[in-house]
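Per-entry structural report
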Amino acid sequence: MLRGPAQAATRAAASPDPSTSMPDRPVVTRIAPSPTGMMHIGTARTALFNWLYARHTGGKFLLRIEDTDRERSTAEAVQVIFDGLEWLGLQPDAEPVFQFSRADRHRQVVDELLARGAAYRDYMTPEELEAEREAARAEGRVVRSPWRDRSPNDTPDRPFVVRLKTPRDGETLVDDKVKGLVRFQNQNLDDLILLRTDGTPTYNLAVVVDDHDMDVTHVIRGDDHLNNAARQTLIYQGLGWEVPAWAHLPLIHGPDGAKLSKRHGAQAVSEFADMGYLPEAMRNYLAKLGWGHGDDEIFSDDQAVHWFDVADVVSAPARLDWDKLNHLNNHYIREADASRLADLLTPILESREWTLGSRDRTVLERTIPLVREGARTLLELADAVVFVLKRRPLHLPEKGRAMLTDEVQARLGRLRDDLAPAGDWSPHALEERIRAFAEREGVGIGKFGPALRMVLGGGAPAPDLASTLVSLGRDESLGRLDDALSQLR
Ligand code: GLU
């Protein structure tokens, strides 16, 4: 099913409907990040869309590490990408392909292009190239090499680059699923270099060869690569290879509409993880950056997979919206399993110098459902659980001690004796008990509630009284009360 250059161009020109450019092979998508030491949120969104589209079509989602920049491509920088994808829950369907390891194959394809007459060796010296550059600039045209039309047998003994023979006229069409049909005038495209003088393959060549060899059917990536799509199309055509379907995604902008940068806050996937966002919230949120399903704000992975079509991605840049992300994260925190949240909180709490014993684990799991209502991030959830982890006797802040007047102490003493034998230590029963106690005392709960909460939480944020008592458990609650009352006596 290989399609020749002429056919490809005619097909696109005759039917600009992007849906017709779907290759009729099983769908294979990929992401091809360059290891830079961080995984940008834009790369995460690209990964998600590729993953969703592969899942939606029953195809495969692949990973290629574009590690040709040997200085930046350290093992740690590569690991950042693996970790980012794992955290996001977007596992590729095969082992990653490392681009640098394929340099021989890239060179072999350059030989093929030379043999087909679709590329040529260019022996221009640096001085000649500089002069040609200047002439091209003055005449408002692209650089041209005289070697394009020389006989291939003319092979002087000096360094050369290999260039693609770009057609001089006509146009190259990029039939993009997001951008629509984009036309490039060939006269504005130079004969791009495929192989440098040192024999290393260039970026555009490597991408084409790797995508072809990985059977990639859909190239879904950031729209900063739209111009490369034209150049890559010409390489495919030079080789007589089938051109994949293109989908160039709009960039992610900051809340103010400017290109996302450091001043907008987090940009790396790991930063979002460190700030306490859940991967499922991130997936839901990123899916909404440039794509959506009607007005649906919250949807599951299964729903997104079912609904997603890359052709529905909008072409306007998407804006990062922290309020929306926080809202979604709060939703998923409220939905999540308490024991999973306890796992996720553990390292956060440990980084704040809390040592968690085995009793704390049970207590944490009991507490999380009672305090998570307002937590927008795991960091906020951690703030909300520390009251339960404090060790007796609690240090009461000065302001709190002032609340414990003789009258309040006496009342808390009576409350303590009332709570001690309670048969049912559930939020509802305790709420009732406290209400009944207040009634018997002839005062509103406001007369002793704040002091009780302070005694139980040591001044740390704590939920409503009944939930605080349930979180702590009976023994710990009574113990904290006893400590406070005896300290003051
Ligand atoms: N390595 C490129 C980048 O990180 C992506 C190339 C592609 O997706 O074709 O921007």
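Regarding the overall build of the protein
Of the regular secondary structure elements, the protein holds 20 helices and twelve strands. Since a compact globule built from 489 residues should have a radius of gyration of about 23 Å, the 32 Å found for the protein marks it as more spread out than a globular shape. C-alpha atoms of the protein, sized along the principal axes, occupy 105 × 45 × 40 Å. Per-residue burial for the protein yields a buried fraction of 50% across its 489 residues. Partitioning the intrachain contacts of the protein with sequence separation of at least 6 by distance along the chain shows that 76% fall at a separation of at least 24.

Some remarks on the sheet that holds strand 1 (residues 28-31)
Strand order in this open sheet of three strands is 1-2-3, and the pairing throughout is parallel. Edge strands, defined here as strands with exactly one partner in the open sheet, are strand 1 and strand 3 (97-98). The strands touched by helix 3 (residues 75-88) are strand 1, strand 2 (60-65) and strand 3; relative to strand 2, the strand with the most contacts, the crossing angle is about 160 degrees.

Quick word on the side chain of Arg148
Of note, Arg148 is situated in the loop between helix 5 (126-139) and strand 5 (161-164). A relative accessible area of 12% means that Arg148 is categorised as buried. Not counting residues within four places of it along the chain, the set of residues in contact with Arg148 comprises Tyr120, Lys165, Thr166, Pro167, Arg168 and Asp191.

Things to note about the layout of surface pockets
Reported here for the largest pocket is a volume of approximately 800 Å³. Taken together, 28 residues make up the lining of the largest pocket; nearest its centre are His40, Gly42, Thr43, Asp224 and His225. Of all elements in the fold, only strand 1, helix 2 (41-57), helix 6 (203-213) and strand 9 (218-222) reach the threshold of two or more residues within the lining of the largest pocket. Residue contributions to the lining of the largest pocket peak at four residues, all from helix 2. The residue makeup of the lining of the largest pocket, split by class, is 13 nonpolar, eight polar and seven charged.

So, the site of the ligand
Taken together, Arg30, Ala32, Pro33, Ser34, Glu66, Tyr203, Val207, Arg221 and His225 form the complete shell of residues around the ligand. Relative to its free-state accessible area of 300 Å², the ligand is covered by the protein chains to the extent of 79%. With respect to the detected pockets, the ligand is housed in the largest pocket. Among the residues making up the shell around the ligand, the classes are represented as four nonpolar, two polar and three charged.

Quick look at the packing of aromatic side chains
Aromatic ring pairs are defined here through the distance separating the ring centres and the angle between the ring planes. In this structure the tally under the stated criterion is eleven aromatic pairs. Ring plane angle 55 degrees and centroid distance 6.1 Å describe the contact between Phe272 and Tyr277, whose orientation is recorded as tilted. The structure contains a cluster of three or more aromatic residues connected by ring pairs, namely Phe49, Trp291, Phe299, Trp307 and Phe308. One cation-aromatic arrangement involves Arg45 over Phe49; the distance from NZ or CZ to the ring centre is 5.5 Å. Above the ring of Phe100, the side-chain terminus of Arg70 is found at 3.9 Å from the ring centroid.

Focus: the confidence of the model for the protein
Per-residue confidence for the protein averages 93 on the pLDDT scale, and 95% of its residues sit at or above 70. Note on residues 1-20: pLDDT under 50 across the span, and 30 contacts to partners over four residues away in sequence or across chains.

What to know about helix 3
Between its first and last C-alpha, helix 3 extends 20 Å over 14 residues, near the 20 Å set by a 1.5 Å rise per residue. Along helix 3, the residues classified as buried are Ala77, Val78, Ile81, Gly84, Leu85 and Leu88. When helix 3 is viewed along its axis, its buried side chains cluster within an angular range of 120 degrees and face the same direction. Of the exposed residues in helix 3, those oriented more than 90 degrees away from the buried face are Ala75, Glu76 and Glu86. Contacts from the buried residues of helix 3 go to strand 1, helix 2, strand 2, strand 3, helix 8 (269-274) and helix 9 (279-287). Among the residues trailing helix 3, Gly89 stands out with phi positive, at a value near 75 degrees.

Side note on the sheet that holds strand 8 (residues 193-195)
Taken together, three strands build an open sheet; the order of strands is 4-5-8 and the sheet is antiparallel. Two strands lie at the open edges of the sheet, namely strand 4 (119-122) and strand 8, each paired on one side alone. Each neighbouring strand pair of the sheet contributes to a mean axis angle of 40 degrees, computed without reference to strand direction. Summarising the sheet, strand 4 and strand 5 pair through four bridges and their orientation is antiparallel. Residue pairing in the sheet places Asp122 in a bridge with Val161 of strand 5.

Observations regarding the pairing of strand 2
Both faces of the sheet carry side chains from a regular strand, because those side chains alternate between them. Of all six residues in strand 2, five are buried; the element is thus mostly enclosed. Sheet topology places strand 1 next to strand 2; four bridges connect them, and they run parallel. Across the sheet, the residue bridging to Arg30 is Leu62, located in strand 2. Taken together, strand 1, helix 2 and strand 2 form a β-α-β motif whose crossover is right-handed. Pairing geometry for strand 2 and strand 3, over two bridges, is parallel. Within the sheet, the bridge partner assigned to Arg64 lies in strand 3 and is Val97.

Considerations on the packing of helix 17 (residues 427-441) against helix 19 (residues 465-472)
Between helix 17 and helix 19, the least distance of the axes is 8 Å, while the angle of their chain directions is 125 degrees. By the criterion of interaxial angle, the relationship of helix 17 to helix 19 is oblique. Relative to helix 19, helix 17 is oriented so that their crossing is right-handed. Mapping the contact onto sequence places Pro427, Leu430, Glu431 and Ile434 in helix 17 and Leu465, Ala466, Leu469 and Val470 in helix 19. Broken down by class, the residue content of the contact of helix 17 with helix 19 amounts to seven nonpolar, no polar and one charged.

What counts as what
- Residues numbered from 1 in each chain as written.
- Predicted model: local features only at pLDDT ≥ 70, side-chain atom pairs only at ≥ 80, totals over all residues.
- Heavy atoms only, no water.
- Helix = DSSP H or I, 4+ residues; strand = E, 2+ residues; numbered from the N terminus.
- Rg over C-alpha atoms; globule rule 2.2 N^0.38 Å.
- Buried < 20%, exposed > 50% of the residue type's maximum accessible area, 1.4 Å probe, protein only.
- Contact = heavy atoms within 4.5 Å.
- Pairing = 2+ DSSP bridges.
- Axes fitted to C-alpha atoms, helices over the stretch in contact; angles between N-to-C directions.
- 1 Å grid on protein atoms, 1.4 Å probe; cavity = no way out; pocket = protein on both sides within 12 Å on 5 of 7 lines; lining within 4 Å.
- Points joined across faces, edges and corners; volume = space filled by probe spheres on them.
- Nonpolar A, V, L, I, M, F, W, Y, C, P; charged D, E, K, R; others polar.
- Near = heavy atom within 4 Å.
- Areas by Shrake-Rupley, 256 points an atom, 1.4 Å probe, with all protein chains shown as cover.
- Sits in = over half its atoms within 2 Å of the grid points.
- Phe/Tyr/Trp six-rings, centres within 6.5 Å; stacked < 30°, edge-to-face > 60°.
- Lys NZ or Arg CZ within 6 Å of the ring centre and 35° of its normal.
- pLDDT = per-residue confidence, 0-100.
- Expected span 1.5 Å × (residues − 1).
- Arc of directions from axis to C-beta.
- Right-handed = clockwise from strand over helix to strand, strands pointing away.
- Parallel < 35°, antiparallel > 145°, perpendicular 65-115°, else oblique.
- Left-handed = near helix turned anticlockwise from the far one by under 90°.

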